[in-house]
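What follows is the residue order along each chain.
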Amino acid sequence: MKIFWSLVFAVINIGALGIFIAAPYMGWWLPKNVSSFGGDVDRLFYIILAVTGFFFVLTQGILVYSMIRFGDRKVEKASYIHGHLGMEALWTAVPCLILMYLGFVQVPAWAKMKYIDLETWFPVRFSGKNIEHDLDMVVLARQWEWRIRTPQGSRAANAAQWAETGNLNDLHLTNEIHAWKDARVRIHLKTQDVIHSLFLPNLRLKQDALPGKTMPVWFQAIEANVKYNPATGQLEELTPNGAWEIACTELCGGSHYRMRGKLYIHESKQDYDRWFADAMKLQRSHELNKQANIAASTGGRQ
Amino acid sequence: MTPLATTQTRTFANWAIFALLLGCTTWLGSGCSSNDAYPDDVVYPFRSDLIVDEVPKQTQDRLPGPGQLDKSIARIKDLGGKTFDPRELPENLRTELDKELVEAFGTPNQPRVGKSNSPDIDPMVKALKLEPESLLAGSKLYRRNCLHCHGLTGDGRGPTGPWVNPHPRDFRQGKFKFISSNPTGNKVKPRREDILRSLKQGVEGTSMPSFALLGQDALENLASYILHLSIRGEVEFETARTLLKKKNSVTELFELLPDAEPEKETIGVFVKLYTADLLKAYQRSDQKPIEPAPYPTYNDKDMAESIKRGFHLFSSTAPDAFGCVACHQDFGRQSLYQYDEWGTLVRPANLTNAVYRGGRRPIDIYWRLKRGIPPSKMPAVTVTGDDEAKKLWDLVHFIEALPFPSMLPDDVRAKVYGQAQRGVASLAPTTK
C-alpha cells in the first residue's frame, strides 16, 4: 500500500492526458473557425497549448517519479537544495523567454482583430484609419438577452450618432445576429445594466461590454451557414451542424447561462438583403399579420 | 515522543480521503435532475396578499423603493383607495373556495381548467389549448423559466420579483395590458397572439427577456399555462373580492353572472359557472382581433402633414384632439406616477425614448391607441365620425417620428425639442 498515493497521482495525470488527447476525436474541441482572423487566434492557442502541455507532462512526470523514488520506495534519501544560482537563473530565464516570445507573437493577431486594414505582418502598422466596414450593428446586452439593431441599407450614415439614437427604420432583433459571408461587420457593443461579454465562438471573438461605453468590435465571417428562402420566410441551413452560437462569458447574474443566441451568416449580400427586406416588412406592419408576427421570428429555426 | 498516528489509522485516513474524492466526483458528475415537474405535494396557496378594489386617484412623483410592493399596496387605503384582506374571509368560506379551486384547477403538478368531463366547457378548453397535457408541459417550463419572477401562483412575487422595476406581471386578476382584441361584452381579454408576442419578443424596457429560443411549441405551452394561472387567479380574486364586499353573502356572488341560472347557489357552482364565463370571454376575444382599414400610402409631403396632424391630436386640448399630453406630460419626459389596477405605480410612457413595451410595429401602436391599456388607465382613443383610421394613423405617425428629431417637420420639432434641438442626447433608450 505504500505506493498508493503515487499511483493515484499517476493515474489522474495519465487519465487527464488521455482525455485531452482523445478530446479532438470525440468532438470536444474548438468549434469550427469561420473568422477572418480566427486562424491567427487558433495558431496562438496551439503555440500556448504546446508550451503548457510540454511543461505539464514534464513537471507531473517529475512529481510522480519523485514520489515513487523518494517517498514510497525510499531508494535513496532526497536531498534538499537551497540557493543554486544556475538553477534559479534557468527557471527564471526560460519562462521569461517564453513569455516574451508569446508577447511578441500575439501582437499581429491582436492588431488584426482590432484593425481591419492591417496588411504587414510585423512590426505592426497602426494606420489610425477608420475601419472600412460593410455592416453596422448595435448589440445591446442586458439581463438576460442580446438586443440587436441594424440600419436600413446596412451602413449607418453617421455611425457614432446612429449607435446612440437609432432610426425608425432600424431592424430590431433579439438574440439573433445576421450578417453575410465576407461582410466586414462593425458592432457597437453596449450594455444596459451590468458587465456582459459578447462571445462568438465560431468567430473567435470575445469582448466585454462595459456600462456607459460603446465598444467597437469587428468581425468578418469567411463562411456562410444559412440561406433565406423568401417563399417560406424561413432560413435554411447550409451546413448540417450549422448552429453557430452567441454566448455571454461574463457572469452577469442568475440567468447568465440563458444569454444565448444564434449567429446567422447569409451566403451573400443579396440573400441578406432579401431576408432584411422581409423582416423589415413584418416589423413595419400596418395590418394584422395572420402568420408570423414579429421580425425576430423570421429566424424560423428556433 | 509518541507518533501522532499509527500505521493503521493512517491507512484508514488514506482510504477515507480517497472515498471522499470519489464520492465528490460522482456527485458532481451526476449533475442536476432533469425533471422539471413540480413535486406532487405542492399546491397553489390561497391568496394572502391584499386585494386592490379601488386605487387612489392622485399621482405620485416617485416610486416606493425596491421590495416595497406589499407595503405600498397596504398604504393605498390611507390614500383614498380601497383594499380587502382575503385572510379576513370566514374560515368556512375560505376552506370551501380553496377546495373548489383545487378541484377546478388542480395543482402545479396536475394543472387543469375545469373539472374533467364537463361537456359545457370542454370545447372551449380545447379551442384555447388548455388541455391538461399542454398545461403540464407549460408548468414545467414555467417552473424553470418564469417562476423566479412571476411566482408559483403567477402573483408576480417570485424571489426576484419584488426587486425589479417595473414589477413582474401579476396574472391573478386576468388583466393584461397589451391587447389587440375587440370583443363584444364587458370582459376584454388578450388574444393568444398577444401573449405569444410578449413571450417571443420580451417586453422592451422591462426585465422581461425574449424567450423565442425555447421554440414555438414550448411558447404555446407556456401561453396555455399562463392562461391557466390567470383564469385560476381571476376566479379566486373575483370570488374573494365579491364575498368581502358583499358581507360574505354567497347569493350575491351570482350577481356577477346575470345570465346564469344556477341550480344551487354555492361557491362550487359559482366557480364552475364563472370559469365557463371567463373561457367564453377568452374565446370571444381570441376570435375578434382589431383589424384596421387598409393602410393608405403616404408620400413625403403627406407624411409630414400627417405627422403635423398627429402632433395636434397628441398635444392639443381642443375638442377634436385627444390631449395625450395630459398624462404623457412633455411627451412623456415628465410623466408622473399613477396607480394601475394592480395597485402598483406606473408612469405614462416616455415617448421620446423609442421603447415600446407592447411591440414596435405600427400595428402594435395602433392597437394601443384603439384599445387603450385598460389596467393602467390609459383610455382608448374614441373618434366620432368615419375618419377613425385616418386619425389613428396620424397619431401613430407622430408617435413613431417623435424620438427622431430629424423626422419631425420643422415647426413640430421646435415645439417638441426647442430651437436648438435640445434633448437629442437623451434619446438613447434608458431603463427608466
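On a predicted model such as this, the values are computed, not experimentally measured, just so you know.

Details of helix H5 (residues 132–145) of chain B
In step 1: A rise of 1.5 Å per residue sets the reference length of H5(B), with its 14 residues, at 20 Å; its end C-alpha atoms lie 19 Å apart and thus fit the reference within 8%.
In step 2: Elements in contact with the buried residues of H5(B): strand E4 (110–111), helix H6 (147–150) and helix H8 (216–245) of chain B.

What about the domain arrangement of chain B?
Residue and element names in this part refer to chain B.
In step 1: Here chain B is partitioned into domain 1 (85–287) and domain 2 (300–427).
In step 2: Placing a centre on the C-alpha atoms of domain 1 and another on those of domain 2 gives a separation of 32 Å.
In step 3: Taken together, the residues of the side of domain 1 that touches domain 2 break down into five nonpolar, seven polar and five charged.

Examining the domain arrangement of chain A
In step 1: The assigned domain composition of chain A is domain 1 (4–114) and domain 2 (135–299).
In step 2: On a C-alpha basis, the centres of domain 1 of chain A and domain 2 of chain A stand 38 Å from each other.

Considering the interface of chain A and chain B
In step 1: Between chain A and chain B, the contact holds 27 residues from the first and 32 residues from the second.
In step 2: Listing elements by their share of the side of chain A that touches chain B, those giving two or more residues are helix H5 (159–165) and strand E3 (171–174) of chain A.
In step 3: Tallied by class, residues from the side of chain A that touches chain B come to seven nonpolar, 15 polar and five charged.

Quick look at the environment of A:Glu176
In step 1: Along the chain, A:Glu176 turns up in strand E4 (residues 176–180).
In step 2: Residues A:Glu176 and A:Asn13 lie 163 residues apart in sequence; the distance between their C-alpha atoms is 41 Å.

A few points about the sheet that holds strand E8 (residues 215–220) of chain A
The pairing of strands in a sheet comes from backbone hydrogen bonds and takes either a parallel or an antiparallel form.
Residue and element names in this part refer to chain A.
In step 1: Strand order in the open sheet formed by five strands is E3-E2-E1-E5-E8, and the pairing between neighbours is mixed. Looking at which strands have only one partner, the edges of the open sheet turn out to be E3 and E8. Averaged over neighbouring strand pairs, the angle between their axes works out to 25° when direction is ignored.
In step 2: With seven bridges joining them, strand E1 (residues 135–142) and strand E5 (residues 184–191) adopt parallel strand pairing. For leucine 140, the partnering residue across the bridge sits in E5 and is lysine 190.

Focus on the nonpolar core
Residue and element names in this part refer to chain B.
In step 1: In terms of nonpolar packing, the biggest core is built from 54 residues, with Leu199, Leu222, Ala223, Ile226, Leu227 and Val271 touching the most fellow members.
In step 2: Those elements that place two or more of their residues in this core are strand E1 (51–54), helix H2 (69–74), helix H3 (91–105), H5, helix H7 (192–201), H8, helix H10 (267–287) and strand E6 (345–346).
In step 3: Considering every element that reaches this core, the biggest residue donor is H8, with 11 residues.
In step 4: Mapped onto the domain boundaries, this core takes at least three residues apiece from domain 1 (85–287) and domain 2 (300–427).
In step 5: With near-sequence residues (within four places) excluded, leucine 222 lies in contact with Gly138, Leu141, Tyr142 and Leu199.

What counts, and where the lines are drawn
- Residues numbered from 1 in each chain as written.
- Chains lettered and ligands numbered in written order.
- Predicted model: local features only at pLDDT ≥ 70, side-chain atom pairs only at ≥ 80, totals over all residues.
- Helix = DSSP H or I, 4+ residues; strand = E, 2+ residues; numbered from the N terminus.
- Expected span 1.5 Å × (residues − 1).
- Contact = placed C-beta atoms within 7 Å.
- Domains from an automatic or database assignment.
- Nonpolar A, V, L, I, M, F, W, Y, C, P; charged D, E, K, R; others polar.
- Pairing = 2+ DSSP bridges.
- Axes fitted to C-alpha atoms, helices over the stretch in contact; angles between N-to-C directions.
- Core = buried A, V, L, I, M, F, W, Y, C linked by C-beta atoms within 7 Å.
- Buried ≥ 20, exposed ≤ 12 C-beta atoms within 10 Å, placed from the backbone.

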